[in-house]
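Analysis of the macromolecular model
Given next are the chains, with one letter for each unit.
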Amino acid sequence: MFCGNLKECLRKDMFFLFSVYFKILFCAMRKADIFLTRNAKKTNFWYVSGIKICLLTLIFLGVSEQNNAGASETEQKLSRYEFHSVQMAVPIQITLYAENEEAASEAAEAAFLRFHDLNARLSDYTAQSELRLFCDHAQKGEFRVVSRDLWNVLHESVRIAKISDGAFDPTVGQVVRLWRRARMHKKLPREAEITKMLRTVGYENILLDEKTRSVALSRQGIERCVRIDLGGIAKGYAIDEAIRTVKTYGITRVLVDAGGDVGVGDPPPGEKGWRLAITPIKEGEKPRGFLVLANCGVANSGDLAQFLEIGGVRYSHLVDPKTGVGLTHRVLVSVIAPSAMEADALASAVSVLGEVKGKNLVESLEGRETQILLPDEQGQVQKVESSGWQKFIDENTCEDSVHKK
């Protein structure tokens, strides 16, 4: 058949030749094996074994070349598609590579539905969410079986709370509500209110039974009206689940961006990873670097958008679970982790802990990295990075080729 593209024509010819080569080699292997086995007594054992190993190696190489040729052919058929929606009150962008628009659209729609479903389970805002209903009807020490999604997020929340010494705490719900009202009315909470709400904070009040996948609040938790808020981790979990959903459609090259927090699967065809522009400190500025990532998550935490300023003091929407007060130190944290869920929670924890303890926490966890930026009033920025952060940086990436976080 005439092939208009020389490169494509040569590739198809090579694929055909490898197929023929493989069949001939396999037949030769069978005949050689029969001959050598029949004459094993007359032939040195190690000599026979060596010949067999050589033949098997050649077959393996032939199969590998066939697989690589097949994979290359599939990659050339993939096209890039982007889809947008608003879920969990943030803009969602799904970018993926698929063989056609129909397959891409079907996978993206399923991922958006997964976001919607998780919001109905994990939201602190929705009155009928599984999380809200659990908190509203929890009885002292009474374990209730929960969905796998709620269990997964609660289990990870408690784990991060433990390793961060409570810098991330899912029971900070009452305090978060207090500061939501403060930002709405532009008025600081009274000290007595903060003290009262701090009594409700303590991840130790969440009791987990792994055997039955059930959850309870402790007696103290019930008496003090503990409220669970998963706002610092649920979005990351939803990103992970959206990627997992897309992969069930046979699409592995996918990126999911939820309000600046990102999860990525396999890289785009021919690339080492997805290129992500890192959020600048001030809106309108150039990206402060570029990351190249695959099969992991990256999350940001800081007070760029949500804060309350009163009397010249800037209070972040991020609340320190130990003091009950919004953070007053300017900070912008980025964390890379194996999952978007873990990156999401760790970013909040590092923001609360500060540059020294935050960096030490991340350094203690294998496969996690962080960058912490501390801007001052003069516009100077102190930068603190974990030891492995720079290996993900691509200084030569052009802005046109990146996904901007």
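Further up the page is the structure itself.
The following refers to the structure shown. (Residues numbered from 1 in each chain as written. Predicted model: local features only at pLDDT ≥ 70, side-chain atom pairs only at ≥ 80, totals over all residues. Heavy atoms only, no water.)

Moving on to the overall build of the chain. Secondary structure assignment for the chain yields eleven helices and 16 strands. Counting only residues that meet the buried cut, the chain has 49% of its 405 residues in that class. For the chain, long-range pairs separated by at least 24 residues make up 62% of all intrachain contacts whose partners lie at least 6 apart in sequence. Total accessible area on the chain stands at roughly 21,700 Å², and carbon and sulfur atoms take up 53% of it. (Helix = DSSP H or I, 4+ residues; strand = E, 2+ residues; numbered from the N terminus. Buried < 20%, exposed > 50% of the residue type's maximum accessible area, 1.4 Å probe, protein only. Contact = heavy atoms within 4.5 Å. Areas by Shrake-Rupley, 256 points an atom, 1.4 Å probe, with all protein chains shown as cover.)

What follows deals with the sheet that holds strand S3 (residues 144-145). Read across the sheet, three strands follow the order S3-S5-S4 without closing on themselves; strand pairing throughout is antiparallel. What marks the edges here is a single partner per strand, and that holds for S3 and strand S4 (206-209). Direction of pairing for S4 relative to strand S5 (residues 214-217): antiparallel, over a ladder of four bridges. For Leu208, the partnering residue across the bridge sits in S5 and is Val215. Together, S4 and S5 form the strand contacts of helix H5 (residues 148-163), whose direction differs from that of S4 by roughly 120°. (Pairing = 2+ DSSP bridges. Axes fitted to C-alpha atoms, helices over the stretch in contact; angles between N-to-C directions.)

Within strand S10 (residues 296-302), seven of the seven residues are buried, which leaves it mostly tucked inside the rest of the structure. A two-sided burial pattern is seen for S10, the buried positions comprising Cys296, Val298, Asn300 and Gly302 on one face and Gly297, Ala299 and Ser301 on the other. The pairing of strand S7 (residues 261-264) with S10 spans three bridges and is classified as antiparallel. Counterpart to Val264 in the pairing with S10 is Cys296. Of the strand pairs in this sheet, S10 and strand S13 (residues 332-337) are connected by six bridges, and their pairing is antiparallel. Among the inter-strand pairings, Gly297 is bridged to a residue of S13, identified as Ala337.

Attention now moves to the side chain of Asp320. With respect to the helices and strands, the residue Asp320 is situated in the loop between strand S12 (313-316) and S13. For the buried Asp320, no salt bridge is present, and the opposite-charge side chain at shortest range is Lys322, 6.3 Å distant. Reaching out from Asp320, the side chain makes a polar contact with the backbone nitrogen of Lys322 at a distance of 2.9 Å. The residues contacting Asp320, other than those within four sequence positions of it, are Val325, Leu327 and Val352. (Lys, Arg positive; Asp, Glu negative; His and termini not counted. Salt bridge = Lys/Arg side-chain N within 4 Å of Asp/Glu carboxyl O. Polar contact = N/O pair within 3.5 Å; in protein donor to acceptor, adjacent residues only side chain to side chain.)

On to the packing of aromatic side chains, then. Within the structure shown, the criterion is met by two aromatic pairs. Ring plane angle 35° and centroid distance 5.6 Å describe the contact between Trp179 and Tyr315, whose orientation is recorded as tilted. Taken together, the residues span a long stretch of sequence, with Trp179 in helix H6 (residues 173-185) and Tyr315 in strand S12 at a distance of 136 residues. Owing to a relative accessible area of 2%, Trp179 belongs among the buried residues under this scheme. (Phe/Tyr/Trp six-rings, centres within 6.5 Å; stacked < 30°, edge-to-face > 60°.)

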